[in-house]
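The primary structure of each chain is shown beneath.
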Amino acid sequence: MQLRPRATLGRVLDDLGDTLLDLVVGESGDPREIGGLVIHDPLDEVTLPRRALVLGVGLGDPGEIQVLLEELAERDAIGLILRGPIPADDAMRQASARGGVSLLSLRRGASWSHLAALLRSLLTGDLGSMETETLGGIPSGDLFAVANAVAALVDAPVTIEDRESRVLAFSGRQDEADPSRIETILGRQVPERYASVLTERGVFRELLRSDEPIRVEPVALEDGGFTVPRFAVAVRAGDEYLGSIWVAVAGDLNAERRASLRDSATLVALHLMQVRAGADVQRRLHTDLISSALEGGASAQPALARLGLGDQPLLVLGVTLLDAPEPTVDVARAADRSRLADAFSMHLAAAQPGATAALVGDVVYGLVPLPGAAGRGGAGGGVRPGGRGVAARGAAAGRGSGGAAAGRGSTAARETSAVRGTASAAAGRDIERSAAGAASVDHAEERARRICDDFLERVGRRLSAVVGIGPVAADIAALPRARATVDQVLRVLREGGTVRAAPLSDVQTETLVLELRDHALARGDTPTGPVARLMEYDAEHSGDLVDTLRAWLDAFGDVSTAAARLFVHPNTFRYRLRRIAEVGGIDLDDPEQRFAAMLQLRVLAPRGGR
């Protein structure tokens, strides 16, 4: 057993420096542990975790970069990555060195999205202080270390790829290969033009059949990028094909190195299986932690601490598929829910540092940290005792002074006035704090709405989902209520309509109606009075009186609008209204009777029988 290497800036440079990153200012062996990955957005204020590594996408002006470096130094960031080449501005470099913020350059041709994916893989793959087994002397699941070890054995640059020719890890010394290898690493995928040629040659078919390394001759294309021969070997776990190892070598591999490459495939298979198993275990653990936090109780505090969300207000979000109201064992729907959970988790993490999400049942719950915000309302529980207590103490003191005023009238009056002044000032401060807290909550909810709308726009129609925005939970006791609120909102959104993301305030009426419907269903209540008579008449005569009454009530008595909704002539609609009064015995001019009918239609006889 040994500790897995921490995700330090030095290790990032060791793993990615040869191909993607260049250190401009800072120490190559920086031992500080990276606290999180953040994409800088000049139009949006983002909360930075401590020792954040910041991606400066689109930044090029030296003045703007210098200002950002000074801000990052104040916020204890560890480094800033910019698109290279970085302008040779002495003031900017001095600001970097002075603030202790390392400055790194992303090489031209490299994709920001691929860099972010690699960095997140390094950060999330490192479990810090958690102990782990070693396989072949290498921390289990550390594919980059495995790639470097294989490269040392065969004395050539190596890539490890999955079954779809996606690059999982790569070794150093990639500059010894050819442009096609660099393009493959930067794109995290073998380019299609090369993959097509390899498929036509039967390379992948031979890989599937053989356990021995095979030689792959260069691909003759117009771009001339594939010029160095390759040796490839399949990686298997039993009969299952997991991927392959690719070695770029200008000459040939002797028998000893071929044997080393073949034997390395077994070690890589163990690490790939460990990665798969570790991902499953981590996913289940993460789900259990979020579920425990949302349930409240004694296990919530340690769960939040392990998630890095302790001692701060949290906004609860919920996402679910529209056509999956209940958990199902259907494989396709399970896959859709898993994709939804992964997409929402990634979106939240990019939008708000420290935010996290997991699939619990058929809902993906997200927890968004809101430093400085305070809950309000029933779910928040964030109303702090203060103003009222001080005022009460002031009043009590005033009464006490008043009792002694018989002997010290003027002194007691002055003391009472002073106490009242103190109480008034304290109450004023409490009002200011409450106003600031309310403004903070409003800002948080508005930001959450933007995050959710952006997510729904990104997933589009591929995953038809709805998002419930819960209230801010100021403490652990408020989390169960916040989750219940999210569930209520999601239920309303699932019922239909055009809204796909909403807080409770947008759908509270619909929520109350659904709760009334549940109570009525539990008691076995059924419509009575005029509505019951109209339903009975329609059943016997195939009539439309109930639908007519419903349309008229929904249109606030506007006959033209209601008739248009039912596609009938207004005169026909007026005739039906007279029949409703006759058959149902209802006075449509009586507001109480109208309300009773509307309530029964909404609660006891909803559309579609729901």
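As the structure is a computational prediction, the values presented were derived from the model and not from experiment.

Attention now moves to the overall build of the protein chain. When its secondary structure is counted, the protein chain shows 21 helices and 19 strands. Within the protein chain, the proportion of its 610 residues that are buried is 44%. The contacts in the protein chain between residues at least 6 apart in sequence include a share of 63% that link residues at least 24 apart.

So, about the confidence of the model for the protein chain. Considering every residue of the protein chain, the mean pLDDT works out to 78; 79% of them sit at 70 or more. Considering only residues more than four positions removed or in separate chains, one finds that residues 126–132, a stretch of pLDDT under 50, has 19 contacts.

Now for unusual backbone geometry. Here the bond from Gly84 into Pro85 is cis, since omega is 0°, no more than 30 degrees from zero. Locating Pro85 in the fold gives a position in the loop between strand E5 (79–83) and helix H3 (90–99). Here Arg173, not a glycine, exhibits a phi torsion of approximately 65°, which is positive. You can see Arg173 is positioned in the loop between strand E11 (167–170) and helix H6 (179–187). Residue Arg173 is classed as partly exposed on the basis of its relative accessible area of 29%.

The subject of this paragraph is H3. Owing to its 3.6 residues per turn, the α-helix brings residues three or four apart onto one side. Listed in full, the buried residues belonging to H3 are Met92, Ala95 and Ser96. Along the axis of H3, the buried residues cluster in a sector spanning 100°; they form a single face. Opposite its buried face, H3 presents the exposed residues Asp90, Ala97 and Arg98, each directed more than 90 degrees away. Residues of H3 that are buried make contact with strand E2 (21–25), helix H2 (62–74) and strand E6 (102–106). Directly after H3, the chain includes Gly100, whose backbone phi takes a positive value near 70°.

All right, on to the nonpolar core then. Membership of the largest hydrophobic core comes to 51 residues, with the highest contact counts inside it found for Leu16, Ile81 and Leu115. Contacts of Leu16, omitting those with residues within four sequence positions, involve Leu21, Leu115, Leu118, Leu119, Leu122, Phe144 and Phe170. Ile290, Leu304, Leu307 and Val489 belong to the second-largest nonpolar core, a separate cluster that totals 28 residues.

Cut-offs and rules
Residues numbered from 1 in each chain as written. Predicted model: local features only at pLDDT ≥ 70, side-chain atom pairs only at ≥ 80, totals over all residues. Heavy atoms only, no water. Helix = DSSP H or I, 4+ residues; strand = E, 2+ residues; numbered from the N terminus. Buried < 20%, exposed > 50% of the residue type's maximum accessible area, 1.4 Å probe, protein only. Contact = heavy atoms within 4.5 Å. pLDDT = per-residue confidence, 0-100. Arc of directions from axis to C-beta. Core = buried A, V, L, I, M, F, W, Y, C linked by side-chain atoms within 4.5 Å.

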